[in-house]
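Chain residues, written in single-letter form:
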Amino acid sequence: MDSPYSRWESFDASWRELASRHGAEERIGESVEGRPIRAYSFGPAGAPAVMFTGLLHGVEVIGAIALREVARALVGGAGLSRGLADQLRFVFAPIVNPDAYAANAERVARGARAWVRGNARGVDLNRNFAPAGPARSASPFAGSRWAFLPHFAGPHPYSEPETRAVRDLALATRPKLALGFHSFGNLLLYPWGFTARRNPRAVEYERLGRAFRASQPGARYTLRQASGLYRTQGDLDDWLDAELGTLALTVEVGTLDRRLLTLSRLLDPFWWMNPLDVRPTVENTLHGVLGLLEAACSSARAVDHPTEPLEPRRGIALAARR
Ligand SMILES: [Zn+2]
């Protein structure tokens, strides 16, 4: 059986093929090592946009595989889209950090350990956006000024071409909703990461999260404000929420299971992040995402037609204005 963990070239090609049949492709930037960073869009141009990102962290491949299944379900004619594709515009940037992905995939293919998280300059791209607030944290995960640490935030916000590509895509797209795919932890996280202060739209985030959980056939993800896990500075979700009013969630795909029973896997960070059998993890995530998108659509309809007794005005996901 082929490994589900393919080389960058073939993973990239699978997205291009999907877009050539059902949507449009755009080159939104170039990585430090010169690989293209691409975005794909599907659906009616004027519809509310949902932005999906993957592989900001180049070792979290199961997140990216789950994201590709989401795309195939929504726009690939698999019969799972439940009409969502007619109501929403979907914009995907599935391989934001192609250099790290390529490096890890090459190592996995020859049986070497793989752990590259940041870009080719060692910057953690999910600490390289403009911070949503001034708070600093002593947590080693928050974003570091030290280049040798895995959570190195870079010399300044948007110092990296990969981060700028995502920023510019978001500014052009103005997404109402954004889902960033990472791994692992079976978690659904919403802003803020920079402060423990409760997000003013926490009720709305929690409503979407409940819809995600209720649609999952397997172990249900835990929903929490990101700062409850650990503080972060300069992450994409905080910036999207603060700057664009986007409802922005991170999906931490999968969990540690019995895959670490052998010593070689225990010593290889790649297998902490990524399961041997991708199918159950992907299915469990896919159905959660579809449930969340349906809930977001239904609340948008409730705002468009406020006299309809759908949901009271507390859920305004896709029609959110601020
Ligand atoms: Zn991550």
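Along every chain, residues carry numbers that run from 1 in the direction the sequence is written. Predicted model: local features are reported for residues with pLDDT of at least 70 only, side-chain atom pairs are reported and counted for 80 or more only, and whole-chain, interface and lining totals are derived from all residues. Only hydrogens and water are removed before side-chain values are computed, so all heavy atoms of the structure are retained for them.

Engineer: Account for the side chain of T173, with residues named and values stated.
Structural biologist: To qualify as a helix, a DSSP run of H or I must reach at least 4 residues; to qualify as a strand, a run of E must reach at least 2; elements of each kind are numbered from the N terminus. As for its placement among the helices and strands, T173 is situated in helix α5 (residues 161–173). For each residue, the accessible area found with a 1.4 Å probe, counting protein chains only, is set against the maximum for its type, and the residue is called buried under 20%, exposed over 50%, and partly exposed in between. Overall, T173 belongs to the buried group, its relative accessible area being 9%. For the purposes of these results, a polar contact is taken to be a pair of N or O atoms within 3.5 Å, where, inside protein, one atom must be able to donate a hydrogen and its partner to accept one; residues adjacent in sequence count only when each atom of the pair is a side-chain atom. Within the structure, T173 has its side chain in polar contact with the backbone oxygen of L169 (distance 2.7 Å). Residue contacts are defined here by distance: any two heavy atoms, one from each residue, within 4.5 Å place the two residues in contact. Once residues lying within four places of it in the same chain are set aside, the contact partners of T173 are A49, R89 and V91.

Engineer: Tell me about the packing of aromatic side chains, residues and numbers included.
Structural biologist: In this analysis, rings of Phe, Tyr and Trp, with Trp reduced to its six-membered ring, are considered paired at centre separations within 6.5 Å, and the interplanar angle assigns stacked below 30 degrees, edge-to-face beyond 60, and tilted for intermediate values. Enumeration according to the criterion identifies 16 aromatic pairs in this entry. Members of the aromatic cluster, each reached through a chain of ring pairs, are W15, Y40, F42, F52, F90, F92 and F181.

Engineer: Tell me what's going on with unusual backbone geometry, and back it up with residues and numbers.
Structural biologist: Across the junction of S183 and F184, the peptide omega takes the value 10°, indicating a cis bond. Along the chain, F184 turns up in the loop between β5 (177–182) and β6 (187–190). Its identity is not glycine, yet R174 carries a phi of approximately 50°, on the positive side. Positionally, R174 belongs in the loop between α5 and β5.

Engineer: Which residues make up the packing of α5 against helix α7 (residues 236–244), and what are the values?
Structural biologist: For the pair α5 and α7, interaxial distance at closest approach is 12 Å and the crossing angle is 30°. As α5 runs across α7, the sense of the crossing is right-handed. Taking contact as the criterion, the partners of V166, R167, A170 and L171 in α5 are, on α7, L236, W239, L240 and L244. Partitioned by chemical class, the residues of the contact of α5 with α7 number 7 nonpolar, no polar and 1 charged. Between the N-to-C directions of two axes lies an angle of 0 to 180 degrees, each axis being a line fitted to C-alpha atoms and, for a helix, fitted only over the stretch in contact. Note on convention: the crossing is left-handed when the near helix lies turned anticlockwise from the far helix by less than a right angle, right-handed when the turn is clockwise. Side-chain classes follow a simple rule in which Ala, Val, Leu, Ile, Met, Phe, Trp, Tyr, Cys and Pro form the nonpolar group, Asp, Glu, Lys and Arg form the charged group, and the remainder, Gly included, forms the polar group.

Engineer: Run through helix α4 (residues 98–109), naming residues and quoting values.
Structural biologist: An α-helical turn contains 3.6 residues, so a residue and the one three or four places further along point in the same direction. End to end, α4 covers 16 Å across 12 residues, agreeing with the expected 16 Å (1.5 Å per residue, within 8%). Among the residues making up α4, those that are buried are P98, D99, A100, Y101, A102, N104, A105 and V108. At its buried positions, α4 is contacted by α1 (8–22), β2 (36–42), α2 (61–75), α5 and α9 (269–273). In the segment just after α4, G111 is the residue with positive phi, at about 80°. What a helix is expected to span follows from its residue count: subtract one and scale by 1.5 Å.

Engineer: Give me the coordination of the zinc ion: which residues, what numbers.
Structural biologist: By definition of the ideal shapes, four donors in a tetrahedron about a metal sit 109.5 degrees apart, and six donors in an octahedron sit 90 or 180 degrees apart. Only nitrogen, oxygen and sulfur atoms qualify as donors, and only when within 2.8 Å of the metal (3.2 Å in the case of Na, K and Ca); with water excluded, sites may look incomplete. Around the zinc ion, the protein contributes the donor atoms H57 (ND1), E60 (OE), E60 (OE) and H182 (ND1), at 2.0 to 2.6 Å from the metal centre. One chain supplies every donor to the zinc ion, and in sequence these donors are spaced H-x2-E-x121-H. A residue pair is termed long-range when its members are at least 10 positions apart, and E60 in the loop between β3 (49–54) and α2 and H182 in strand β5 qualify at 122 residues. Assigned by exposure class, E60 and H182 land together as buried.

Engineer: Before we move on, can you summarise the pattern of salt bridges with the specific residues and values?
Structural biologist: Any two side chains of opposite charge can pair, given that their charged atoms come close. Salt bridges, as used here, are contacts in which a Lys or Arg side-chain nitrogen is within 4 Å of a carboxyl oxygen on Asp or Glu. Per the counting criterion, the structure on display carries 16 salt bridges. R121 is the partner of E160 in a salt bridge, and the nearest nitrogen-oxygen pair spans 3.0 Å. Here the residue E160 occupies a position in the loop between α4 and α5, and R121 occupies one in the loop between α4 and α5, the gap between them amounting to 39 residues. R121 sits in the partly exposed class, given a relative accessible area of 46%.

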